[in-house]
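# Chain and residue survey
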Amino acid sequence: MTRRGLLGMIATAALVAASVVLGVLGTAWDEPLDAVVFVITFVAAVVSALYTVLSYRVAKAGSPLTLAQVADALAETVRTQWRLEAEHWSVGVPLYPPYTPVPELSGSWSGLVKAAAPNVPSHRWGKGFADLAGDAGQIERTFNRVPTGKLVILGRGGSGKTVLATQLVQSLLAGRKPGGSLPVLLSMASWDPEALGCVDWVVSRLELTYTGLRVPVADGGPTRARALVEAGLLMFVLDGLDEIPAAARGVAADRVNRLGPGQPYVLTCRSADYRAMTSTEEGSMRLHGCAVVEMADLDPAVAADYLIQTTGDPARWDDVTDTLLSERHAPVTEALRTPIMVSLAREHYNPPRTTSRDAPPPDPAGLLGFASPVEIEHHLLDSYLTAAYRSHGRASGVRRGHRWDPDSAERTLRWLAGHLAGQQSNDLAWWRLWRIVPGRAVADELITAAAITAAVTPITGSLGYGLACAAVGVATGVLLPGLRAPLAGGEPRRLGLQRPTLAQCMSTIVFAVPVALLFWVFADPPTALILGVCVALGGPVTNTLSLNGGAAIDVVTPGRALRDDRRAALVHAVEAGGLSAVVGWAIMRSYPQLGPAAGAVTMALAVGLTGWFASAAGRFTQTRLWLRAHGLPLRLMRFLDDAHDRGVLRRFGPFYQFRHTLLRDRLADLPGENAVPLP
């Protein structure tokens, strides 16, 4: 038996012995309630001690994965994640413009060769920038031809940069060998480069997006996510430098430049934003050691062929396709030069007809009546929402029972778009919406006070005593911020089992001794023993219930993040509230005018609700109620899931994003008054 296991058994024996002594002393008391509480305390002590030892043995018996095995499991998860998400994006149809190298933004080819890491195989390198040209089916080859393994993809808004990055991830994973490196696709919209370096941000996003990556590789060691980065097993695919506020892009470029020569990455950005960033005289504004390619406009012939593929009457498109092929500067030709706009046009003018009673499709010739490309883009974006929320058949992929009024849906999406535009982000995180609720901290305390007053008043028979207990409970939550610590931090947490460290077990037992001695002197021995046992039990149980999640690796969707955080919050609230109830009962034994029951209820509600309101799930509950009071859906997560099913939103791990920033910006600019004030 190891030294740690021996100490764990000694600690367990001490807890059980203390509980036995407590039970014996309880039999000498006159109050029946005392004996009941002693029995409960004794059972809780034994169960908690056995639970701690069992979890210790389970955690110890589990064979930890090697870093290569972690990489293999993550690779399979990432492959499945983007395959399923690509189906929602409808990217199976090959509508990808070609891309060409941009030497003036890349530096010299000889410079890229000199900047290459020593361990990068050179047999796949290209001989010059001309070898980097290609299309979506050749993106892996293009990446492998860059000597430094650092590639920047530029293009217009809607040109398909994210789709191309996704294609690269899927292609690299298809040819990956066990134990090798793997690509991870991350949206840059949520990165604050002034607060976090590139590696720290990547690690935090991985830990939030995939379960099992917060788990340390060894006791006291780095998390799996950080260990993968430090071992060089991850290639960063960073999507959307342009989605970082313009004032912070220079800092972001400097952070990316600090990545070592052996850290490969692919980064996407809008062409105009990248050129504006690199035109400054400040050297930190340019990405070093990377090759730059730019996506071209769609060929009008390709766009014309794509538009007539899904119509039963290709002649309907004759006027439009003739214009596309003959008038390069016509508004419709300028508008339909990106995959997103061509896709929206086909979805609107070639809708699926499930029955003969469906209304005839609109006439595509209407596109020729607009005076500018911008008007056509706005028309297609507006029509897309109308089509997305029209009556769906079984083939649409929308789950049954999810029917939202189109006007209500547009109103909700308009508010969400305005909120994200105000935040200069495209990442919709449900746990951050809490920041818009005014007076949120006061609301926590008012709800706690009301709950305690409602529960204690019937017990004491006095509203005054109920209000007094409420004041004590609120003061407990305000003056002891440590009660919020396990769940505080804002981001969703995941519950799992972990092996408590020796320091964690011993620290709570050591802390329990002075607490017991203090109440032994100033109260009575039974009270001292109760408090000592509760404090000694609280630490091991809390430390065993890890908030880092389990060891299994899987992708975290927004809905799963909410469910995991709600579960973690409830378990910790019940655990902390239950132990606090015994503490409150013991303390209030000396105040017969209130009674032990009032003390138990007060402490249980104060500590339990304090922990709940500190969690992301607790805050989201308040947010939903506040938004509902302003006319938005109460079941907001169900609405977002439904919008994802309809293709309006896409998922990046636990974040939702609008299908494209063009759609977000259009919704944010639509006329109409927001009933919910924007932050």
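So, how was this worked out
- Residues numbered from 1 in each chain as written.
- Predicted model: local features only at pLDDT ≥ 70, side-chain atom pairs only at ≥ 80, totals over all residues.
- Heavy atoms only, no water.
- Helix = DSSP H or I, 4+ residues; strand = E, 2+ residues; numbered from the N terminus.
- Buried < 20%, exposed > 50% of the residue type's maximum accessible area, 1.4 Å probe, protein only.
- Areas by Shrake-Rupley, 256 points an atom, 1.4 Å probe, with all protein chains shown as cover.
- Polar contact = N/O pair within 3.5 Å; in protein donor to acceptor, adjacent residues only side chain to side chain.
- Contact = heavy atoms within 4.5 Å.
- Axes fitted to C-alpha atoms, helices over the stretch in contact; angles between N-to-C directions.
- Parallel < 35°, antiparallel > 145°, perpendicular 65-115°, else oblique.
- Left-handed = near helix turned anticlockwise from the far one by under 90°.
- Nonpolar A, V, L, I, M, F, W, Y, C, P; charged D, E, K, R; others polar.
- Pairing = 2+ DSSP bridges.
- Core = buried A, V, L, I, M, F, W, Y, C linked by side-chain atoms within 4.5 Å.
- Phe/Tyr/Trp six-rings, centres within 6.5 Å; stacked < 30°, edge-to-face > 60°.
- Lys NZ or Arg CZ within 6 Å of the ring centre and 35° of its normal.
- Salt bridge = Lys/Arg side-chain N within 4 Å of Asp/Glu carboxyl O.
- 1 Å grid on protein atoms, 1.4 Å probe; cavity = no way out; pocket = protein on both sides within 12 Å on 5 of 7 lines; lining within 4 Å.
- Points joined across faces, edges and corners; volume = space filled by probe spheres on them.
- pLDDT = per-residue confidence, 0-100.

### Details of the overall build of the chain
A tally of helices and strands in the chain yields 25 helices and twelve strands. When each of the 679 residues of the chain is scored for burial, the buried share is 51%. Entry remark: accessible area of the chain is about 29800 Å², with carbon and sulfur atoms responsible for 60%.

### Quick notes on the side chain of Arg 176
Tracing the sequence through the fold places Arg 176 in the loop between helix 6 (161–174) and strand 3 (182–187). Polar side-chain contacts of Arg 176 include one of 2.8 Å to the backbone oxygen of Gly 180. Of note is the side chain of Arg 176, whose polar atom sits 3.2 Å from the backbone oxygen of Ser 181. Apart from the residues lying within four places of it in its own chain, the contact partners of Arg 176 are Ala 71, Asp 72, Ala 75, Ser 181 and Leu 182.

### Notes on the packing of helix 14 (residues 339–349) against helix 15 (residues 373–388)
At their nearest, the axes of helix 14 and helix 15 sit 9 Å apart, and the two run at 55° to each other. Considering the angle they form, helix 14 stands oblique to helix 15. The hand of the helix 14/helix 15 crossing is left-handed. Seen from helix 14, the contacting residues are Met 341, Leu 344, Ala 345, Glu 347, His 348 and Tyr 349; seen from helix 15, they are Glu 377, His 379, Leu 380, Leu 381, Ser 383 and Tyr 384. In terms of residue class, the contact of helix 14 with helix 15 is built from seven nonpolar, three polar and two charged.

### Focus on the sheet that holds strand 6 (residues 265–270)
Where strands meet in a sheet, backbone hydrogen bonds hold them as pairs that are either parallel or antiparallel. Across the sheet, which stays open at both edges, the six strands sit in the order 1-7-2-6-5-3 with mixed pairing between neighbours. With partners counted over all chains shown, the strands left at the sheet margins are strand 1 (99–101) and strand 3, one partner each. Ignoring which end each strand starts from, the neighbouring axes of this sheet average 20° apart. Packing against the sheet, helix 6 makes contact with strand 1, strand 2 (150–155), strand 3, strand 5 (234–239), strand 6 and strand 7 (291–295), and its axis sits at approximately 160° to strand 3. Docked against the sheet, helix 10 (residues 271–278) engages strand 2, strand 6 and strand 7, running at close to 100° with respect to strand 6.

### Some details on the nonpolar core
Nonpolar side chains in soluble globular proteins generally cluster together in the buried interior. Counting residues in hydrophobic clusters, the biggest one holds 72 residues, and the most contacted among them are Leu 74 and Tyr 274. Of all hydrophobic cores here, the second largest spans 66 residues; its members include Val 342, Ala 409, Ala 569 and Ala 617.

### Examining the packing of helix 21 (residues 558–587) against helix 22 (residues 596–614)
The interhelical angle for the contact between helix 21 and helix 22, taken along N-to-C directions, is 155°, at an axis separation of 7 Å. Taken together, helix 21 and helix 22 sit at an angle that is classed as roughly antiparallel. Between helix 21 and helix 22 the crossing geometry is right-handed. In this structure, helix 21 uses Arg 566, Ala 569, Leu 570, Ala 573, Ala 576, Gly 577, Ser 580, Ala 581, Gly 584 and Trp 585 to contact helix 22, whose residues at the interface are Pro 596, Ala 597, Gly 599, Ala 600, Met 603, Ala 604, Val 607, Gly 608 and Trp 612. Among the residues making up the contact of helix 21 with helix 22, the classes are represented as 13 nonpolar, five polar and one charged.

### Quick word on the pairing of strand 7
Within strand 7, five of the five residues are buried, leaving the element largely enclosed by the surrounding structure. Residues Ala 291, Val 293 and Met 295 line one face of strand 7 and the alternating positions Val 292 and Glu 294 line the opposite face, and both faces are buried. As paired strands, strand 1 and strand 7 are joined by three bridges and run antiparallel to one another. Opposite Thr 100, over in strand 7, you have Glu 294 as the bridge partner. Pairing analysis gives four bridges linking strand 2 to strand 7, with the strands arranged parallel. The partner of Leu 154 across the bridge, within strand 7, is Glu 294.

### Looking at the packing of aromatic side chains
Geometrically, a pair of aromatic rings is defined through the distance of the ring centres and the angle of the planes. What the rule picks out here adds up to seven aromatic pairs. Considering the side-chain rings of Trp 82 and Phe 652, the 5.1 Å spacing of their centres and the 65° angle between planes classify their relative orientation as edge-to-face. One end of the pair, Trp 82, is in helix 3 (residues 67–89); the other, Phe 652, is in strand 11 (residues 649–652), with 570 residues separating them in the sequence. Judged by its relative accessible area of 2%, Phe 652 falls in the buried class. Here a set of aromatic residues connected by ring pairs shows up, and it is made of Trp 430, Trp 431, Phe 620 and Phe 655. Against the face of Tyr 306 rests Arg 346, its NZ or CZ located 3.8 Å from the ring centre. If you follow Arg 619 out to its NZ or CZ, it ends over the ring of Trp 434, 3.9 Å from the centre.

### Let's talk about the environment of Ala 303
Mapped onto the fold, Ala 303 is located in helix 11 (residues 300–307). Note: C-alpha distance between Ala 303 and Arg 346 (43 residues apart in sequence) is 9.9 Å. If near-sequence neighbours (up to four positions away) are discounted, Ala 303 is found in contact with Leu 336 and Val 342.

### A word on helix 25 (residues 661–669)
Residues of helix 25 that are buried: Thr 661, Leu 663, Arg 664, Arg 666 and Leu 667. Where helix 25 is buried, its residues contact strand 6, helix 15, helix 16 (406–423) and strand 12 (655–658).

### Observations concerning the pattern of salt bridges
Taken as a whole and judged by the stated rule, the model has 17 salt bridges. We note a salt bridge from Arg 249 to Asp 273, for which the minimum N-O separation is 3.3 Å. With Arg 249 in helix 9 (residues 246–257) and Asp 273 in helix 10, this pair connects stretches of sequence that are 24 residues apart. A relative accessible area of 13% means that Arg 249 is categorised as buried. One salt bridge in this structure joins Arg 337 and Glu 334, with 2.8 Å as the shortest N-O distance.

### Quick look at empty space enclosed by the protein
In total, this model carries three cavities of 30 Å³ or more according to the counting rule given. Of the volumes computed, that of the largest cavity is approximately 40 Å³. Its residues assigned to classes, the lining of the largest cavity comprises five nonpolar, three polar and one charged. Taken as a whole, the second largest cavity encloses approximately 40 Å³ of empty space. Lining the second largest cavity we find Ile 340, Leu 344, Leu 381, Tyr 384, Arg 659, His 660 and Leu 663.

### Regarding the environment of Trp 201
Assignment of secondary structure puts Trp 201 in helix 7 (residues 198–209). Ignoring sequence-local partners within four residues, the contact set of Trp 201 consists of Leu 186, Ser 187, Met 188, Ser 190, Trp 191, Leu 196 and Leu 238.

### What about the confidence of the model for the chain?
Within the chain, residue pLDDT values average 78, and 73% of them lie at 70 or more. Strand 6 holds the highest mean pLDDT among the elements of the chain, 96, whereas helix 1 (residues 3–26) holds the lowest, 48. Within the model, the stretch residues 393–398 combines pLDDT values under 50 with eight contacts to residues more than four positions away or in other chains. A low-confidence stretch, residues 672–679 stays under pLDDT 50, and its non-local contacts, those more than four residues away or across chains, total 20 contacts.

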